[in-house]
Amino acid sequence: MPSVCCYFQVHQPLRHRHFTVFDFKQGLSYEDEENNRQILNKVAAKCYLPTNRIMLDLIRKHGGDFRISFSITGVMLEQLERYNPQVLDSFKRLADTGCVEFLGETYYHSLAFLYSLREFREQVALHGEKIKALFGQTPQTFRNTELIYSNDLARVIEKMRYKAILAEGADHVLEWRSPNHVYQPAGCTKLKLLLRNYRLSDDIAFRFSNRQWPEYPLTADKFARWLHRTDAACQTINLFMDYETFGEHQWADTGIFDFLKAFPGEVLKDPDFRFQTPREVVRDNDSAAQLDVPNPVSWADVERDLTAWSGNSLQKDAIDSLYGLERKVRKTKNAVILSVWRRLQTSDHFYYMCTKWFADGDVHKYFNPYASPYDAYINYMNILADFSDAMSAQAYRREAQPIL
C-alpha cells in the first residue's frame with residue numbers, strides 16, 4: 001500500500017540589524033528584534049495559525065488517517081515562545097492528536113555538519129531536548145539543514161540512533177531510480193533514507209499559483225489523480241516543503257487553503273493509499289536498495305548542491321571566519337558567547353550572500369532582505385569582527401537575551 005508522507009519545514013531566521021563600523025564596541029544586539037517580531041507575527045497570521053487550524057480539522061475529520069510531520073528549528077521555537085505563544089500552542093494541539101511526528105535537526109538551522117562535527121552533535125542534541133520538552137516526543141527521524149545529505153552524514157546520524165533520515169531526490173543521485181522507495185544509506189545497516197519527490201512537491205510549493213504553468217490551476221482532485229497513477233510498486237510518495245507554502249509563499253487568494261482542505265479526502269478516495277509519517281514509513285517498509293551519495297546534496301536551486309551557501313568567495317570567507325572562531329569561543333566557557341556564536345551560524349546569513357542571479361535568482365531575491373549579496377556580506381562581517389574583538393578584549397558585556 002503506497003504511503004503519502006507529508007513533511008513540512010518550519011523556520012524563521014533571526015534577522016540582523018544594520019551594523020556598521022560605527023557600531024563597534026557599543027554592546028549592541030546583532031539582531032533586529034522589532035523586525036523579527038513583525039515578520040514572525042505577519043507569517044503567523046497568514047500561515048501558521050490558519051494552516052494549523054486546518055491541519056487539526058483534517059486530522060479530526062479523517063479520524064487519524066491524515067498524518068503529517070514537522071521539523072521546527074530551535075531559533076523558530078524560541079521566537080514563538082517569545083513573540084507568539086499562540087502559534088506554539090497550536091503546534092502542541094497538533095502533537096496531542098498522535099498523528100504528527102516532530103523531526104530532529106540542528107538547533108540553529110546551521111551548516112555545522114560541514115565544518116564542526118562536535119558543534120553539529122551538540123546542536124542536534126539541543127534540538128532533541130527542545131522537541132521533547134515542548135511536544136513530548138524524542139525525534140526518531142532526522143532532517144539536516146536545507147536537506148543537506150551525504151553518506152558521511154548518514155553514518156553519523158545512525159550512530160546517534162535515529163531510525164530515518166530525509167534527503168532530496170536529486171536526479172544526479174537517483175539516476176534511473178525512483179524517489180518513491182525506501183533506501184538504505186551506503187555504509188549504514190539500520191538507518192533508512194526517504195527521498196523528496198521534488199517534482200510533485202514543487203507542484204504545490206512553487207508552481208501552484210503560476211498561471212503560465214500548463215497544469216494551472218492545480219486542484220486537489222487533479223493532484224490526487226497524479227498520486228494514484230504512481231507505479232503500484234512504489235512504497236512512499238514523499239512531499240517535503242516549507243510550511244510557509246500555505247498562506248505565505250502561496251497567498252490565501254491563490255486557493256492554496258482550499259486545496260489543502262480537500263487534499264486528504266481526495267487521496268483517501270483510493271483505499272490503496274494512506275498517509276504516514278516518516279517514522280511510520282520506515283517502520284513498515286524494508287529498504288528497496290542501497291543508495292550511495294558520496295558528495296553532499298541539498299534541496300536548493302537547480303544544482304541541488306551547496307552553492308547556495310558556500311558557492312562564492314564571500315560566503316566561503318564568512319563561513320571560514322565564523323567556524324575559525326570555535327576554539328576561541330569554547331575557550332571562554334561563556335554560555336552567552338557560545339549562544340551568540342551559534343546564532344551567527346544560521347544558514348540564511350550565508351544564503352543572503354549568494355550571487356547566483358540566473359535560473360534561481362527570483363527565489364534568492366524573495367528570501368533576501370539585503371539590497372545585494374555584498375551588503376549582506378559586509379553587514380555580517382562587521383558583526384563578526386565586533387564579536388571577535390569583544391572576545392579578544394574580554395570586554396563582552398552583552399547580557400543574555402531572553403530569546404537565547
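S.K.: So what exactly am I meant to see when it comes to the nonpolar core here?
M.R.: Burial of nonpolar side chains together is a common tendency in soluble globular proteins. Ranked by size, the top nonpolar core spans 60 residues in total, and within it Y48, F70, F91, F135, F223, Y243 and F263 carry the most contacts. Here this core takes 12 residues from helix α1 (residues 33–61), the largest share from any one element. Excluding its chain neighbours within four sequence positions, the residues that come into contact with Y48 are V10, H11, Q12, L40, V43, M76, V87, Y243 and E244. Grouped together as the second largest cluster of nonpolar side chains are 58 residues, V173, I337, Y351 and Y380 included.

S.K.: What exactly am I supposed to notice about the confidence of the model for the protein chain here?
M.R.: Caution applies to low-pLDDT regions: their predicted coordinates should not be interpreted in detail. For the protein chain, the mean per-residue pLDDT works out to 94, and 95% of the residues sit at or above 70. Across residues 398–404, where pLDDT falls below 50, the model places 16 contacts with residues more than four positions away in sequence or in other chains.

S.K.: Mind showing me how you'd approach the environment of K61 here?
M.R.: Mapped onto the elements, K61 comes out in helix α1. For K61, a relative accessible area of 62% puts it in the exposed group. Along the chain, K61 and I131 lie 70 residues apart, while their C-alpha atoms are 26 Å from each other.

S.K.: It is not clear to me how the environment of V10 should be interpreted in this structure. Could you clarify?
M.R.: Residue placement: V10 occurs in strand β1 (residues 3–10). Sequence separation of V10 and L40 is 30 residues, and the distance between their C-alpha atoms is 11 Å. Excluding residues within four positions of it along the chain, V10 makes contact with Y48, F70, S71, I72, T73, M76, F91, Y243 and E244.

S.K.: What should I look at first to understand the packing of aromatic side chains in this one?
M.R.: For any pair of aromatic rings, the description consists of the separation of the ring centres together with the inter-plane angle of the planes. Throughout the structure, instances matching the rule amount to 29 aromatic pairs. Residues F208 and F259 carry aromatic rings whose centres are separated by 5.4 Å and whose planes lie at 70 degrees to one another, so their mutual orientation is edge-to-face. Taken as a pair, F208 in the loop between α8 (198–205) and α9 (220–228) and F259 in helix α10 (residues 256–268) lie far apart in primary sequence, 51 residues in all. Each member of the pair, F208 together with F259, is buried.

S.K.: Explanation requested: the pairing of strand β5 (residues 164–168) in the structure shown.
M.R.: One face of the sheet, then the other: side chains in a regular strand alternate in exactly this way. Counting buried residues along β5, 5 of its 5 residues qualify, which places the element largely inside the surrounding structure. Sheet topology places strand β4 (residues 141–142) next to β5; 2 bridges connect them, and they run parallel. Within the sheet, the bridge partner assigned to F142 lies in β5 and is I165. Taken together, β4, helix α6 (residues 151–159) and β5 constitute a β-α-β crossover, and its handedness is right-handed. Pairing analysis gives 5 bridges linking β5 to strand β7 (residues 192–196), with the strands arranged parallel.

S.K.: Help me understand helix α15 (residues 335–343), please; the structure alone is not making it clear to me.
M.R.: An α-helical turn contains 3.6 residues, so a residue and the one three or four places further along point in the same direction. With 8 of 9 residues buried, α15 lies mostly within the body of the structure. Every buried residue belonging to α15 is among V336, I337, L338, S339, V340, W341, R342 and R343, and all of these are buried. For α15, the elements touching its buried residues are α5 (117–135), α13 (313–323), α14 (326–332), α16 (348–351) and α18 (373–392).

S.K.: Explain unusual backbone geometry to me, please; I cannot follow it from the model alone.
M.R.: Working note: non-glycine residues mostly have negative phi, and peptide bonds are mostly trans. In this structure, P217 follows Y216 across a cis peptide bond, with omega equal to -5 degrees. Among the structural elements, P217 can be located in the loop between α8 and α9. If you check the backbone angles, E146 has positive phi at about 55 degrees while not being a glycine. By the element assignment, E146 lies in the loop between β4 and α6.

S.K.: Got a minute to help me understand the pairing of strand β2 (residues 68–72) in this structure?
M.R.: When you tally the buried positions in β2, you get 5 out of 5 residues, the bulk of the element. Residues I68, F70 and I72 of β2 are buried on one face, and the alternating residues S69 and S71, pointing to the opposite face, are buried as well. Bridge count between β1 and β2: 5 bridges; the pairing is parallel. If you follow C6 over to β2, its bridge partner there is I68. With respect to chirality, the unit in which β1 leads through α1 into the neighbouring parallel β2 is right-handed. Where β2 meets strand β3 (residues 100–102), 3 bridges bridge the pair, whose relative direction is parallel. Across the sheet, residue I68 finds its bridge partner in β3, namely V100.

How each quantity is defined
- Residues numbered from 1 in each chain as written.
- Predicted model: local features only at pLDDT ≥ 70, side-chain atom pairs only at ≥ 80, totals over all residues.
- Heavy atoms only, no water.
- Core = buried A, V, L, I, M, F, W, Y, C linked by side-chain atoms within 4.5 Å.
- Buried < 20%, exposed > 50% of the residue type's maximum accessible area, 1.4 Å probe, protein only.
- Helix = DSSP H or I, 4+ residues; strand = E, 2+ residues; numbered from the N terminus.
- Contact = heavy atoms within 4.5 Å.
- pLDDT = per-residue confidence, 0-100.
- Phe/Tyr/Trp six-rings, centres within 6.5 Å; stacked < 30°, edge-to-face > 60°.
- Pairing = 2+ DSSP bridges.
- Right-handed = clockwise from strand over helix to strand, strands pointing away.

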